[in-house]
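Structural characterization, general
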Amino acid sequence: MSPRAEATRRKLFEATMRLARSRGLAAVTMDEIAAEAGVAKGTVYYNFGSKDGLVEALLRYGIDLLSQRLRAGAAEDDPVTGLEVLVDEALEFISEYPGFSQILVSELWRGPGQWHATLLPLRENIVSVLEEQLRRVAEAGRFPQGVPLRTAAAALFGTLLVVALDWLVFEPGRSREEVRDSVMTLLSARAQ
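Residues numbered from 1 in each chain as written. Predicted model: local features only at pLDDT ≥ 70, side-chain atom pairs only at ≥ 80, totals over all residues. Heavy atoms only, no water.

Going by an unreviewed UniProt entry, the chain carries the name TetR/AcrR family transcriptional regulator and comes from Prauserella cavernicola.

Observations concerning the overall build of the chain
Going by this rule: Secondary structure elements are taken from DSSP: a helix is a run of H or I of four residues or more, a strand is a run of E of two residues or more, and numbering for both begins at the N terminus. For the radius of gyration, the atoms used are the C-alpha atoms, and the globule rule reads 2.2 Å times the number of residues raised to 0.38. Partly exposed residues are those whose accessible area sits between 20% and 50% of the maximum for their type, while under 20% is buried and over 50% is exposed, using a 1.4 Å probe and protein chains only. Between two residues, a contact is recorded if the distance between any of their heavy atoms is within 4.5 Å. To measure how exposed things are, a 1.4 Å probe is used in the Shrake-Rupley method; for residues, cover is taken only from the protein chains shown. Neither His nor the chain termini are counted; the positive set is Lys and Arg, and the negative set is Asp and Glu. Taken as the charge location is NZ of Lys, CZ of Arg, CG of Asp or CD of Glu.
Secondary structure summary: the chain contains 9 helices and 0 strands in total. In the chain, the succession of α and β elements from N to C terminus is α-α-α-α-α-α-α-α-α. Its C-alpha atoms give the chain a radius of gyration of 18 Å, within 12% of the compact-globule value 16 Å for 192 residues. C-alpha atoms of the chain, sized along the principal axes, occupy 55 × 35 × 30 Å. Out of the 192 residues in the chain, the part that is buried amounts to 42%. A separation of at least 24 residues holds for 69% of the contacts in the chain among residues at least 6 apart in sequence. Surface accessibility of the chain: about 9,800 Å² in total, with carbon and sulfur atoms responsible for 52%. Of the side-chain charges in the chain, 22 are positive and 26 negative, and the distance between the mean point of each set is 5 Å.

Comments concerning helix α5 (residues 79-96)
We count it as follows: To estimate the expected span of a helix, count its residues, drop one, and scale the result by 1.5 Å.
If you check α5, its first and last C-alpha atoms are 25 Å apart, about what 18 residues at 1.5 Å a residue would give, namely 26 Å. Residues of α5 that are buried include every one of P79, G82, L83, L86, V87, D88, E89, A90, L91, F93 and I94, and no others. Those residues of α5 hidden inside the fold are in contact with α4 (51-70), α6 (98-108), α7 (116-139), α8 (149-170) and α9 (176-188).

Quick word on α9
With 13 residues, α9 extends 18 Å between its outermost C-alpha atoms, agreeing within 8% with the 18 Å of an ideal straight helix rising 1.5 Å per residue. Structurally, α9 contributes buried residues whose contacts are with α5 and α8.

Observations regarding the nonpolar core
Formally: Throughout, nonpolar core names a set of buried Ala, Val, Leu, Ile, Met, Phe, Trp, Tyr and Cys residues whose side chains join them through atoms within 4.5 Å.
Counting 59 residues, the largest nonpolar core has L59, F100, L104 and F157 as its most contacted members. In terms of residues, this core owes the most to one element, α8, which gives 11 residues. Setting aside chain neighbours within four positions, we find L104 in contact with L59, I63, L119, F157 and L161.

Description of the packing of aromatic side chains
Two aromatic rings, taken as a pair, are described by how far apart their centres are and by the angle between their planes. The cut-off we apply is this: Side-chain rings of Phe, Tyr and Trp, where Trp is taken by its six-membered ring, are said to pair if the distance between their centres is within 6.5 Å; with planes under 30 degrees apart they count as stacked, over 60 as edge-to-face, and otherwise as tilted.
What the rule picks out here adds up to 4 aromatic pairs. When the ring of F93 is compared with that of F100, the centres are 5.9 Å apart and the planes differ by 85 degrees; the resulting orientation is edge-to-face. On the basis of relative accessible area, F93 is assigned to the buried category, the value being 1%. Residue F100 is classed as buried on the basis of its relative accessible area, which comes to 1%. An aromatic cluster is present here, built from F13, F48 and Y61 joined pairwise through their rings.

Looking at the pattern of salt bridges
Counted only if it meets this: When a carboxyl oxygen of Asp or Glu lies within 4 Å of a side-chain nitrogen of Lys or Arg, that pair is called a salt bridge.
Under the counting rule described, the total for this entry stands at 15 salt bridges. Of the charged contacts in the structure, one is a salt bridge between R180 and E84, with a shortest N-O distance of 3.9 Å. With R180 in helix α9 and E84 in helix α5, this residue pair connects regions lying 96 residues apart in the sequence. Take R180: its relative accessible area is 14%, and that puts it in the buried class.

Printed below as a string of structure tokens:
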């Protein structure tokens, strides 16, 4: 894909996320997306074929960006520090792309919907990254034994999405570091 075509696609993704954040994805029209992106409506259809095509491509694009960010934690020597980096990167991503995160939350847990087949491998990508980091923590003896890592990774994914959106909507005055520390405290806590 040419750099120009890639820039146009990114512009359309950004426009879709901005509009979806304020009104929800279902209410956004192709005309509005084109106007928000500053392109002709035909450009949207040329690049994606339909609104469904645009949303599917947006989901793939966003998950790829998030996955790249989350993998930063794997570079840390200390696995708990790596987990903290991973949580921080997720919070930063969600604060940069709240519209995408809202779309993701609504589509992931809506049940088998229109983009379910697209979301399954995308969810798997993120949960696998989280599971691998938790495995590193467990191998260092710093994660409770007997906790299924797959379940913990899925729980962490949900926690990160919901906590970050809650922070942005209801507690925007809190710093990302405060929110990260809260998530890390939750990860280290065990009911007595």
